Amino acid sequence: VILSLVASDIDDTSTPSWTNSIFPNGDGSPYYSIAMKPSDDAVAYAGNVRVYKTTDSGTNWSQVFTPESAPFNYPSVGTLMNALTICPFDENIVFAGVEIQGTDKGGLFVSEDAGSSWSQIYLHASSGSNDVDVNDIVFTQESGNIVAYVGVQYDLSTPTGRSIYKLEQASSSWTVTQDMNSGTTSTGTTIVVSINDLDYDATNNTIHATGTDA
């Protein structure tokens, strides 16, 4: 049984209130990710195969994105929305990280208008719909620019995804670099790893990553 639970009244830490399962629009597909708008807790996104958005604390949901549609044509079975992250420095920016189970691979998608429209950002591939399987995403702000770090699954097949990618927002696009190359490690060697989880410590300006070395 797959459950999606919602807690409310968490200011009262002694008696938080949890609801039963919520399936946006009656879609019973298992959910893998959730993101809440930092400045407005009535706005949230939930991801299974698709991305749903609520603006009224979960009373109503609308589907805002699915990679099943053209031009991406991802399968409806085996596509997992592993990561949803709202940029705290520009809340109109939402990143979605997708995995396709099996031999095909997913990718990274971005909305810069709060979910109204979506496009793909290539991390390793340069064309097509299949790029690398994405597990997690965190945002930082560096020298006044919005930066995202994206943890992906390691895969030797083409395109060869690995470790962490860094994306920096330019005027009309995102500049992508492989962030765990030999030039950015303390030993001068390439780290090949599947990154399962990322977290950003703003106080110490530190990103923590956990994963499995190849």
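These figures come from a predicted structure and were not determined experimentally. (Residues numbered from 1 in each chain as written. Predicted model: local features only at pLDDT ≥ 70, side-chain atom pairs only at ≥ 80, totals over all residues. Heavy atoms only, no water.)

Novice: Give a description of the overall build of the protein that names residues and reports values.
Specialist: For the protein, the helix and strand inventory stands at zero helices and 16 strands. The globule rule puts the C-alpha radius of gyration for 214 residues at 17 Å, and the 17 Å found for the protein is close to it. On the principal axes, the C-alpha backbone points of the protein span a range of 50 × 40 × 35 Å. Looking at the protein as a whole, 44% of its 214 residues qualify as buried. Counting only contacts in the protein whose residues sit at least 6 apart along the sequence, the fraction spanning at least 24 positions is 41%. Each charge class in the protein can be summarised by its mean position, and for the 6 positive and 25 negative side chains these summaries are 7 Å apart. (Helix = DSSP H or I, 4+ residues; strand = E, 2+ residues; numbered from the N terminus. Rg over C-alpha atoms; globule rule 2.2 N^0.38 Å. Buried < 20%, exposed > 50% of the residue type's maximum accessible area, 1.4 Å probe, protein only. Contact = heavy atoms within 4.5 Å. Lys, Arg positive; Asp, Glu negative; His and termini not counted. Charge placed at Lys NZ, Arg CZ, Asp CG, Glu CD.)

Novice: Can you explain the confidence of the model for the protein? Please cite residues and give values.
Specialist: For the protein, per-residue confidence averages 89 on the pLDDT scale, and residues scoring 70 or more make up 91% of the total. Averaged pLDDT values over the elements of the protein bottom out at 55 in strand 1 (residues 7-8) and peak at 98 in strand 9 (residues 107-111). (pLDDT = per-residue confidence, 0-100.)

Novice: Outline the packing of aromatic side chains, listing residues and values.
Specialist: Overall, the coordinates contain eight aromatic pairs when judged by the stated rule. The structure contains a cluster of three or more aromatic residues connected by ring pairs, namely Phe65, Phe72, Tyr74, Phe109 and Trp118. (Phe/Tyr/Trp six-rings, centres within 6.5 Å; stacked < 30°, edge-to-face > 60°.)

Novice: Account for the pattern of salt bridges, with residues named and values stated.
Specialist: A full pass over the atoms with the stated rule returns three salt bridges. Across the pair Glu68 and Arg50 runs a salt bridge whose closest N-O atoms are separated by 2.8 Å. Of this pair, Glu68 sits in the loop between strand 6 (62-65) and strand 7 (79-86) while Arg50 is found in the loop between strand 4 (44-47) and strand 5 (51-54), placing the two residues 18 residues apart along the sequence. With relative accessibility at 17%, the residue Arg50 sits in the buried group. For Glu142, the salt bridge identified is with Lys166, shortest N-O distance 3.3 Å. Taken as a pair, Glu142 in strand 11 (residues 134-142) and Lys166 in strand 13 (residues 164-169) lie far apart in primary sequence, 24 residues in all. (Salt bridge = Lys/Arg side-chain N within 4 Å of Asp/Glu carboxyl O.)

Novice: Give a detailed account of the sheet that holds strand 12 (residues 145-152), specifying residues and quantitative values.
Specialist: Pairing is antiparallel across the open sheet formed by four strands, whose spatial order is 11-12-13-14. Taken across any chain shown, the strands that pair with only one partner, and hence form the sheet edges, are strand 11 and strand 14 (174-178). This sheet shows a mean twist of 20° between the axes of neighbouring strands, independent of strand direction. Where strand 13 lies against strand 14, five bridges are found, and the strand directions are antiparallel. Each bridged residue has a counterpart across the sheet, and for Glu168 the counterpart in strand 14 is Thr175. (Pairing = 2+ DSSP bridges. Axes fitted to C-alpha atoms, helices over the stretch in contact; angles between N-to-C directions.)

Novice: Explain unusual backbone geometry residue by residue, including any values.
Specialist: In the segment running from Ala70 into Pro71, the intervening peptide bond is cis, with an omega of 10°. Here Pro71 lies in the loop between strand 6 and strand 7. Despite not being glycine, Asn205 shows a phi value in the positive range, around 50°. As for its position among the elements, Asn205 is in the loop between strand 15 (193-201) and strand 16 (206-213).

Novice: Could you give an account of the sheet that holds strand 9, with specific residues and numbers?
Specialist: Spatially, the four strands line up as an open sheet ordered 7-8-9-10, and their pairing is antiparallel. Each edge of the open sheet is held by one strand with a lone partner, namely strand 7 and strand 10 (119-121). Direction aside, the axes of adjacent strands within the sheet are offset by 30° on average. Strand direction decides the pairing type here: strand 9 and strand 10, joined by three bridges, are antiparallel. Across the sheet, the residue bridging to Phe109 is Gln120, located in strand 10.

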